[in-house]
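What the coordinates show
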Amino acid sequence: MLKIGDKVGIVCCSNPQRRESEPQIKELERILRDMGLNPVFGNHIYEKCDMHGICGSAAPQERAGVLMNFYRDDAIKAIFDISGGDIANGVLPHLDYNVIASKSKLFWGYSDLTTLVNAVYAMTGKPSVLYQVRNMISAENGKHQITDFRDAVMESERRQEVSRGLFQIDYKFLQGKEMQGIVVGGNIRCFLKLAGTPYMPDLSGKILLLEARSGLAMQIETYFAQLAQMGAFEKVSGVLLGTFSQLEKVCGISAIQILIQKYVSKDVPIAVTRNIGHGTDAKAIMIGRELS
């Protein structure tokens, strides 16, 4: 839990923010300050553009350095990554996992940060949170997200609204009746970047969470095929499916259920939830912590 006055680090380990998003980032800063937190922004939040107008990111070593500075600083009580995109896995070899293991602070990020939250668990045994704090600036869902976030993270906060519970997810089973294990996974495309690396968690006995923003049927099916060829579905205690935004928009909600049952045997529990994914109404889930 965080306290009034606590400092929290803001980083972009994946794609940097565009300059036109600065008003939204300022609004997030205001929301965090209104809760009583003191957000500290790291370097390399925004994209770098050269004299020719070609824009890009800081080097992976630089982005990793910002994150490690926040881990080493005991005044920083939590770290929120506000990015997503493509390049978060570049920082993984440049992190000091011994330092991360020695700290109790939580890292929060989603989407492409799936690579980082799973690497932290694989390398240190420490949990992280799969969640995008920018959900709190959503025009449609921001008010509820602020309430849920404040209720989940702020110590001794007086509640004036009823919280829906940031970590309380609703689900239903497609097959099986129960599953239990430490949760790993997240965005399916980004999780598969870890295949063949030291940063891929051991899947034995785990609950494998999978969701996606982009990808139509054949793209998602190839991810399932890769997981099957890795033996993932034979190792896990169950599969938890979040939302698959583009696929559902084009093919309907049932499409993902049809696809996964091509690759997962009937004796592996599969559950689905509408609460985890890329929607601005998405809730949070702990990667590296047991769920039943």
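**A word on the overall build of the chain**
The secondary structure content of the chain amounts to 10 helices and 14 strands. In terms of overall dimensions, the chain is globule-like: its C-alpha atoms have a radius of gyration of 19 Å, near the 19 Å expected for 292 residues. Overall, the chain is about 50 × 50 × 40 Å in size when its C-alpha atoms are taken along their principal axes. Split into buried and exposed, the 292 residues of the chain put 52% on the buried side. When contacts within the chain are restricted to residue pairs at least 6 apart in sequence, long-range pairs at least 24 apart make up 79% of them.

**Concerning the sheet that holds strand β5 (residues 76-81)**
An order of β2-β1-β5-β6-β7-β13 is seen for the six strands of this open sheet, with the pairing classed as mixed. Unpaired on one side and paired on the other, β2 (38-41) and β13 (285-287) mark the two borders of the sheet. Taking the axes of each pair of neighbouring strands and ignoring which way they run, one obtains an average angle of 30 degrees across the sheet. Of the pairings in the sheet, the one linking strand β7 (residues 128-130) to β13 comprises three bridges and is antiparallel in character.

**Considering the packing of aromatic side chains**
Counted by the stated rule, this structure contains 10 aromatic pairs. Consider the rings of W108 and Y131, whose centres lie 6.0 Å apart with planes at 75 degrees: the pair is edge-to-face. Here Y131 lies in the loop between β7 and α5 (142-153) and W108 lies in strand β6 (residues 106-109), a separation of 23 residues in the sequence. Accessibility assignment for this pair places W108 and Y131 in one class, buried.

**Considering the pairing of β5**
Burial within β5 is extensive, with five of its six residues counted as buried. Two strands pair when backbone bridges link them, and strand β1 (residues 7-11) and β5 are joined in this way by five bridges, in the parallel orientation. Bridge assignment links V8 to a residue of β5, and that residue is A78. The pairing of β5 with β6 spans three bridges and is parallel. From the neighbouring strand, I79 faces β6, where its bridge partner is F107. Once the chain exits β5 it traverses helix α3 (residues 97-102) before rejoining the sheet at β6, and the crossover so formed is right-handed.

What counts, and at which threshold
Residues numbered from 1 in each chain as written. Predicted model: local features only at pLDDT ≥ 70, side-chain atom pairs only at ≥ 80, totals over all residues. Heavy atoms only, no water. Helix = DSSP H or I, 4+ residues; strand = E, 2+ residues; numbered from the N terminus. Rg over C-alpha atoms; globule rule 2.2 N^0.38 Å. Buried < 20%, exposed > 50% of the residue type's maximum accessible area, 1.4 Å probe, protein only. Contact = heavy atoms within 4.5 Å. Pairing = 2+ DSSP bridges. Axes fitted to C-alpha atoms, helices over the stretch in contact; angles between N-to-C directions. Phe/Tyr/Trp six-rings, centres within 6.5 Å; stacked < 30°, edge-to-face > 60°. Right-handed = clockwise from strand over helix to strand, strands pointing away.

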